[in-house]
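Read off the chains here:
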Amino acid sequence: MNPLAYLLQISLLLITFSLGYYVLLRNLTFFQTNRLLLWAGLGAALLLPLIDLPDIRPAPVRNAIKKTTAVFTTQQSRYSPADAPVIITYPNQQSYRVRLSRPVTETLPWLTGLAALYGIVTLVLLLRLALQLRSLSRLIDRSPHEEYDDFTLVISPQTTSPFSFFKWVVLNPAHHSPFEQEHILRHERVHVRQWHSVDTLAAEVLCILFWFNPAIWLFKRLVHQTLEYLADRAVLAEGVDARAYQFHLVKATLGGVPLMVANNFSQSDLKSRISMINRTQSERWSEAWRYGLFIGLGILSFWACQRTDNDQNKPLKNAIPATNPTRGLVVELEQTKHWSTIFTFYKVKPAADKLLNQLTTTVAPSLNSSKPVNQPEPVVVGMKDNHLLVLPKHEFDTRYFINGKEAGKEAVNRLAYNQVKELFVMQQIENPDLSDKYKADPQSFRLLIETSENALPSTHERQAYANMLTAAALTDNIYGKSFMYTMNSLLEAMFFHNKKTLVERRKDDYLKVLDEAKSDVYITINGLEATPNDVETVHVREVLRVYTREQPYYDWMRADESRIPRFELHIQTEPKRAQRDSSYYVFSPFYQGDF
């Protein structure tokens, strides 16, 4: 779990728990039970966010908690396994795939500042606690001792307020009469016997770790109050006169400043202690509803703060059942968590559950349109003449499997499309921390195909896939792409025969539309619709800007009336440029005309 999300959940639980205790239980006289509940609730607040409990939260609550905790993330990755790999294409049309050896991360600036502030304040508070403990240790070591059965009395003239710390009771006899000393020693003996110093020190450490949460300071106060109530009740149970005891308590409270890490005779709120001394014993059964309500409130709070990423981290074991060898390989690779499916084509049974239908339609063309719901890339396989075609771009970084057995690209190219029953493209997740068993494979794609013995009938869905695969064999930009050229960049691109320009330069330095685009291109010159013949009247020196675009395949790979041309070519010219001499132009090594 993310550390900051964990701290947030603990803080929310502590607020709920401390306020619930303050409202429901603090005035009850079952002090020993209350002491146990305080620490049991705190332990549950610390541990239960780490435990998976059955998620019974209503959907609005789950979504609200998820959005809140999602903000507290220490790093955001700029690269995810679903991203398409980076391809660099040089002007000579040679393309090379760039491998990202390590994910690039960035830390949220404000989050870094908060983490630094938390660390600094926590360190300061820890140093203060260490100094207090060292000062207390020196005080005990340098003062005379008197041994009693249950504790060791430390006589310190420097002490203005009596206190106890584990087995030591520190007292200045000069400030108290023998009668007062008897009450004080009885009180501190209860603290020693019941190990109240453990509670006090633990509460102090928790305040250091969660100093930013007001609820932890309320928790510390409640712990101290409960310990003092326990000691006061035990002293009175020994037969001490209640009025005299309260008088001595008031007198001691008017003394010096108490020590934070010790159990002080006069530390807790005087008014509440006197009120609790005079309170009658609470009725056990009549107040039981308060404990039931408190426990129920805690259970609801724990479930509300349960982790929201459990379902996302679980593998989709039932999403693609391993009903054939190809699916078996897909499930095996996905369960390693080092491979992700980026493209799928398989038949979903009508009775399949809702999750499976959602999964399939996110990577498949819609049944109501030729346009895909999303755009899976890269597509490592295409189709030509109704047969699959391994794309040259991924020929050497892909391994091929047919019906669960590894095959060569020739076997893939021989497959007729109507034989393809299911098809999966998987990509390896590039992670430098992979175990030795799953080190990065230079062939980072897997093409897995399940075939049918009989020719499969054509359906709308299969035709949509056929259009996409056919387009993939024709272009690298099946989802469309736009380009812009200035005169110099256009000259360079035409020199290297870059077909994305859609034009070439004739020997007389006039432009010409490429033959492969001439019959399927929409052209404008200076905003007016034009023809390929009009382009041939444009001198390269007149070019101001050239904009080209290849449309998404689902707009031009169709036979209905809504089809649009595959290419767009927009030329902006500046006719006066043709009459200027060469001093007006940036020199281009790719131009050899009359500049």
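Above this note sits the structure.
What comes next concerns the included structure. This one's a predicted model, so the numbers in the text were calculated from it and none came from an experiment.

All right, on to the overall build of the protein then. Within the protein, the regular secondary structure consists of 19 helices and 23 strands. Residues counted as buried form 43% of the 595 residues belonging to the protein. Residue pairs in contact within the protein that sit at least 24 positions apart in sequence constitute 72% of those at least 6 positions apart. Counting only carbon and sulfur atoms, one obtains 57% of the accessible surface of the protein, whose full area is about 31,800 Å².

As a further point, take the pairing of strand β15 (residues 420-428). Counted residue by residue, β15 has eight buried out of nine residues, so it is predominantly covered. Judged from the six bridges that link them, strand β10 (residues 339-345) and β15 form a sheet pairing that is antiparallel. Following the sheet pairing, Thr-341 is matched in β15 by Met-426. Relative to strand β16 (residues 445-451), β15 is paired through seven bridges, and the arrangement is antiparallel. Paired with Val-420 across the strands is Thr-451, a residue of β16.

Excluding glycine, most residues fall at negative phi; most peptide bonds, likewise, are trans. The phi angle at Asn-386 is positive, at roughly 65°, despite the residue not being glycine. Mapped onto the elements of the fold, Asn-386 is located in the loop between β11 (381-384) and β12 (387-390). With relative accessibility at 56%, the residue Asn-386 sits in the exposed group. Phi is positive for Asn-403, which is not a glycine, with a value near 55°.

Under the criterion given, the structure shown has 22 salt bridges. For Glu-228, the salt bridge is made with Arg-273, and the minimal N-O distance between the two is 3.6 Å. You can see Glu-228 sitting in helix α7 (residues 214-237) and its partner Arg-273 sitting in helix α9 (residues 270-277), a full 45 residues away along the chain. Classification of Glu-228 as buried rests on a relative accessible area of 2%. By relative accessible area, Arg-273 is classed as buried at 1%.

Okay, the side chain of Thr-548 next. You can see Thr-548 is positioned in strand β22 (residues 543-550). One polar contact links the side chain of Thr-548 to the main-chain carbonyl oxygen of Lys-500, over a distance of 2.9 Å. Sequence-distant contacts of Thr-548, defined by excluding residues within four places in its chain, comprise Lys-481, Ser-482, Phe-483, Tyr-485, Lys-500, Thr-501, Leu-502, Glu-568 and Leu-569.

As a further point, take helix α2 (residues 31-47). An ideal rise of 1.5 Å per residue puts 24 Å on 17 residues; α2 measures up with 24 Å between its terminal C-alpha atoms. Along α2, the positions that sit buried rather than exposed are Phe-31, Asn-34, Arg-35, Leu-37, Leu-38, Gly-41, Leu-42, Ala-44 and Ala-45.

Time to look at the sheet that holds strand β13 (residues 398-402). Backbone-to-backbone hydrogen bonds join strands into a sheet, with any given pair of strands oriented parallel or antiparallel. Spatially, the five strands line up as an open sheet ordered β10-β15-β16-β13-β14, and their pairing is mixed. A strand with exactly one partner marks an edge of an open sheet, and here the two such strands are β10 and β14 (405-407). The mean angle between the axes of side-by-side strands here comes to 30°, regardless of whether they run parallel or antiparallel. Across the sheet, helix α15 (residues 460-474) is in contact with β10 and β15; its angle to β10 comes to roughly 115°.

Moving on, we come to a nonpolar patch on the surface. A contiguous nonpolar surface patch, about 280 Å² in accessible area, is contributed by Leu-47, Leu-50 and Ile-51. Mapped onto the fold, Ile-51 is located in the loop between α2 and α3 (59-70). In this structure Ile-51 comes out as partly exposed when scored by relative accessible area, which is 38%.

Moving on: the nonpolar core. Residues Leu-388, Leu-423, Leu-447 and Tyr-553 are the most contacted members of the largest nonpolar core, which totals 34 residues. The element contributing the most residues to this core is α15, with six residues. The residues touching Leu-388, leaving out its near neighbours within four places in the chain, are Val-381, Gly-382, Met-383, Val-412, Asn-413, Leu-415, Tyr-417, Val-420, Leu-423, Ile-449 and Leu-469. In this structure, Leu-13, Leu-37, Ala-45 and Phe-210 belong to the second largest nonpolar core, which totals 26 residues.

We now examine the sheet that holds strand β17 (residues 481-485). Strand order in the open sheet made by the five strands is β17-β22-β23-β20-β21, with mixed pairing throughout. At either margin of the open sheet sits one strand with a lone partner, and together these are β17 and β21 (528-530). With strand direction ignored, the average angle separating the axes of adjacent strands in the sheet is 20°. Relative to strand β23 (residues 567-573), strand β20 (residues 521-525) is paired through five bridges, and the arrangement is parallel. Across the sheet, the residue bridging to Ile-525 is Ile-571, located in β23.

Between α2 and helix α6 (residues 196-209), whose axes approach to 13 Å, the crossing angle comes to 35°. The two elements α2 and α6 cross, and the hand of that crossing is left-handed. Across from Arg-35, Trp-39 and Leu-42 in α2, the residues of α6 making contact are His-196, Asp-199, Ala-202, Ala-203 and Leu-206. Class assignment for the residues of the contact of α2 with α6 results in five nonpolar, one polar and two charged.

Rules and cut-offs
- Residues numbered from 1 in each chain as written.
- Predicted model: local features only at pLDDT ≥ 70, side-chain atom pairs only at ≥ 80, totals over all residues.
- Heavy atoms only, no water.
- Helix = DSSP H or I, 4+ residues; strand = E, 2+ residues; numbered from the N terminus.
- Buried < 20%, exposed > 50% of the residue type's maximum accessible area, 1.4 Å probe, protein only.
- Contact = heavy atoms within 4.5 Å.
- Areas by Shrake-Rupley, 256 points an atom, 1.4 Å probe, with all protein chains shown as cover.
- Pairing = 2+ DSSP bridges.
- Salt bridge = Lys/Arg side-chain N within 4 Å of Asp/Glu carboxyl O.
- Polar contact = N/O pair within 3.5 Å; in protein donor to acceptor, adjacent residues only side chain to side chain.
- Expected span 1.5 Å × (residues − 1).
- Axes fitted to C-alpha atoms, helices over the stretch in contact; angles between N-to-C directions.
- Patch = residues over 30% accessible without salt bridge, like charges linked within 9 Å, V, L, I, M, F, W, Y side chains within 5 Å.
- Core = buried A, V, L, I, M, F, W, Y, C linked by side-chain atoms within 4.5 Å.
- Left-handed = near helix turned anticlockwise from the far one by under 90°.
- Nonpolar A, V, L, I, M, F, W, Y, C, P; charged D, E, K, R; others polar.

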